[in-house]
Structures are given as C-alpha cells and as structure tokens.
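The chain contents come next:
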Amino acid sequence: MHSHRHSHRHSHRHRHSPIGLFFRMAALRVAVVGAGAAGLCASRFLAAQPDVFHHDVFEMASNVGGLWVYTDQTTKDSYGHDVHTSMYEHLCTNFPKESVMPSKDNAKTPWRVCVKQLATNKEEVLTYDAVVVCNGHYSKPIIPSIPGANTFHGKILHSHYYRTPDGFRDQTVVCLGAGPSGTDIALELAPYVKRVILSSNDEPFPCAMPSNLEQLAGIESIENGTIAFKDGEKRMADVVMLCTGYEYVYPFLAPECGIEVKHRMRVTPIYKHLLHIKHPSLVFLGLPQQVPPLVVVHYQVQYALSVLQGSVTLPSEIEMLADEESNFRRQLVLGRKPHNAHKLGLKLMQEYVQSLTSLADLKPLPEVIFSLYETNGRIRRQKLATFKNYNYKIVSDKQFEVIEPSC
C-alpha cells in the first residue's frame, strides 16, 4: 500500500498509568509507518495478537523491504518522491508528503493518519490508538561543510547515491568516512579505480588492504583538484564520496506531535530510545546505532506492545524525562558528541536489551549473541577485507564456533 501519512493524538493522559487501561473495550488500532525490516517485525508481533491489536502498515515504496530493496534509481522514484534506499548493488549485511498531529475529536482515537494512494491520488483520513514509526534513518544524507568544496574540479557525491563501481573506473576516489558504508565502498571500488583513499578521523585499520587503497586522516580542505587532509598529506582526486551518515527525519509528523530532532540525530523527548515521553502511544523503532538492528528491534517491539496493551506500566513523565537526560549525559561522559545520543555499542546495547526484557518479562537474549557480535566486530577490525566471509556456528546459549573462510 503506497501512502502518505498524518497522525494526530490527544494530549491529555495520565502518564503513570498503563496505556492499555484506556482501550479495554476493543482491540487497539495501530498504524505502522514503513514496511522495512522494523515495520515488518512490528507487523509480525501485532498480527500474532489479533484479539488485542488491529493494524495497518503504510509504505511509500512499491515494495516492502525498505533499505534492503535495491533500485538503480538514486534521486526520484516513479512517483516523484526522493528515493529512500541507500543500498548499492553488491551490498551485503555487515551484521551478524505526510504529517502527524494530535486529534481533538475523541480521546480514545488519539491519532489521525492521513493516507494518500500514490497510484490513484486518493486520500483518506484514518484514526488509530497508536502509531509505530519505522521509516528508518538512512535516507537523508548528512553533507559536511568542507572548506573549498565549491572549487573542486571533480565530482562530490554522498554514498546514498552510489550503486555500482562502473562509473569510477581509472579514477582516484576519496571515501570520506570509515564506517560500514565508507569501508564497503572503498573495498568495492579498489579493483576498478586507479586509487582509493579511505579518509577518516578514526585510527587506521591495522590490517592488509588492497595495494591501491590508502588510509589518511579526515579532509581538512579542498582546492581545485587537490584534497588536503588533517594529517598534512595532500592528494589529487577525481571524486569525493561522502560516507558521512544520515539525519533522522520525520517529515510526516506535524509540529503538534512535539518531536524534535537535535543535532540532526538526537530524537527527543524519547524514553528508552523508543517511546514518545509525552505521548507514549507514538513509538519509534530502530533509533539505536552501533547495534545489530534486527535483534534490538525484536525486543523493542515486544516491549512497546506490552506498554500499549497495559501489561507494562510506565514511570511518570518526570521520571522518564530524567531517565532520558541521564542517558544523554552518560553519552557525553563517555566522550561522545551530542549527535551520538542513540549510539550504543556492545556494552550499552547489552544493558539496553536486558532492561527491555526485564521490564516486559521477555525471554532474555542468549549471552552467545552478545559474544558473537563482539567477535564479529573484532574480526572486522583485524581483517576488514575478508571479515564478511567468516561464518559462525552457535553451539549453545553461551558458546559459538568461528568458521574461517576456506580461502
């Protein structure tokens, strides 16, 4: 179902009471915005409780799958909308117009969702008790300000628009950013280009790289065709590929929803990286970063649905706001920048998942998954060019075996 969405929600609510108490007489109506991995996970758990939840899934693309649906299109789709996916042709997983606002018509139908069928342009307004936002955060590129970029004689593009290496043959390409996209694209380009430079403010990877791949510091400035790096090095280049991440954006949420994105990547006010603190029936799946996303979403969905049906009682609004602020301050103490508010990593992810499972009385995630995730990260660091060829065999809830590639 192609759609444009709007939601509205009533503002008065007893913050310390189970949400489900307001909906005992009938099944809760839930709108899921987005049919990517998180939206499909939400739909699966909602469908498993038909007596408790009735739900609809709204998707703007012509297929389900979200980020994982490949298309050669890089700017606009067949309906004139921005292409959502950032998937390039050979990407493999490296893990083991719309508006929403509060309705004043009925306290028990708090969200108004305005839907547009893109194929027919037919619009309708639907009401729901809850909205689960699953639009992802890999669609609006972050474009850094680089001194002298306007003088560059070559091409500057974000990795969001990259699909295949064919258009870069025999060129010198600088990949700015050494996260998953930057490293993947740099390695994919290496057999095709004259030289590829992996530019990052992080420590270089201490492993073997293709002979034409060079690791340098972040970009300091650009002058004509010359790139100056922060370590004092200078190189001529034909292309600068910005592998610099994405903003969190919610263009379908009206201002009345009270959601703010600070520093381009901090969504607030949010309890446990998941629930709108002032309107807890507005749920955001998949905000955490540096985690195995499907594992985390699996537990987020179950916790959120437990809150919606009333089996989990939330703290007061004041307590939830204090918890959010405490977690944010912890990130700053760890030396992270404000835009890293949802960055977890292994230790914080483990605490987070254990918190969700404990509060919602869910089956805990086996320890082996955390250990496997840690090992995969270590092997990636040590053997970046080949780590995806490694396999893992889970032996028990606490043990696994590493199966090294045969060649």
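Residues numbered from 1 in each chain as written. Predicted model: local features only at pLDDT ≥ 70, side-chain atom pairs only at ≥ 80, totals over all residues. Heavy atoms only, no water.

Inspection of the entire model under this criterion finds 11 salt bridges. Ionic pairing is found between D184 and K388, a salt bridge with its closest N-O pair at 3.0 Å. With a gap of 204 residues between them, D184 in helix α2 (residues 180-189) and K388 in the loop between α6 (367-382) and β21 (391-394) connect regions that are remote in the sequence. Judged by its relative accessible area of 12%, D184 falls in the buried class. Salt-bridge contacts for R195 lead to E214; the nearest nitrogen and oxygen are separated by 3.8 Å. One end of the pair, R195, is in strand β9 (residues 195-199); the other, E214, is in strand β10 (residues 213-216), with 19 residues separating them in the sequence. On the basis of relative accessible area, E214 is assigned to the partly exposed category, the value being 22%. (Salt bridge = Lys/Arg side-chain N within 4 Å of Asp/Glu carboxyl O. Helix = DSSP H or I, 4+ residues; strand = E, 2+ residues; numbered from the N terminus. Buried < 20%, exposed > 50% of the residue type's maximum accessible area, 1.4 Å probe, protein only.)

Another aspect to go through is the side chain of T375. Of note, T375 is situated in helix α6. For T375, a relative accessible area of 10% translates into the label buried. Beyond its immediate chain neighbours, meaning those up to four positions away, T375 contacts Y392, F400 and V402. (Contact = heavy atoms within 4.5 Å.)

Taking 1.5 Å per residue, 16 residues should reach 22 Å; α6 reaches 23 Å between its end C-alpha atoms and fits that length. Among all positions in α6, only V368, F370, L372, Y373, T375, N376, I379 and R380 are buried. Where α6 is buried, its residues touch α2, α5 (345-359), β21 and β22 (400-403). (Expected span 1.5 Å × (residues − 1).)

The subject of this paragraph is the nonpolar core. If you look at the biggest cluster of nonpolar residues, it comprises 42 residues, and the most contacted ones within it are L275, L285 and Y303. The set of elements that each furnish at least two residues to this core consists of β1 (28-33), α1 (37-47), β5 (130-133), α3 (293-309), α5 and α6. Take this core: its biggest share by element is 9 residues, from α3. Ignoring anything within four residues of it in the chain, the contact list for Y303 reads Y271, K272, L274, L275, V312, L314, L356, L359, A360 and L362. (Core = buried A, V, L, I, M, F, W, Y, C linked by side-chain atoms within 4.5 Å.)

In the segment running from T268 into P269, the intervening peptide bond is cis, with an omega of 0°. Tracing the chain through its elements places P269 in the loop between β17 (266-268) and β18 (270-271). Although it is not a glycine, N224 adopts a positive phi angle of roughly 55°. Tracing the chain through its elements places N224 in the loop between β11 (219-223) and β12 (226-229). Judged by relative accessible area, N224 falls into the partly exposed class, the value being 34%.

Everything listed here is a matter of coordinates, which is why it stays silent on function.
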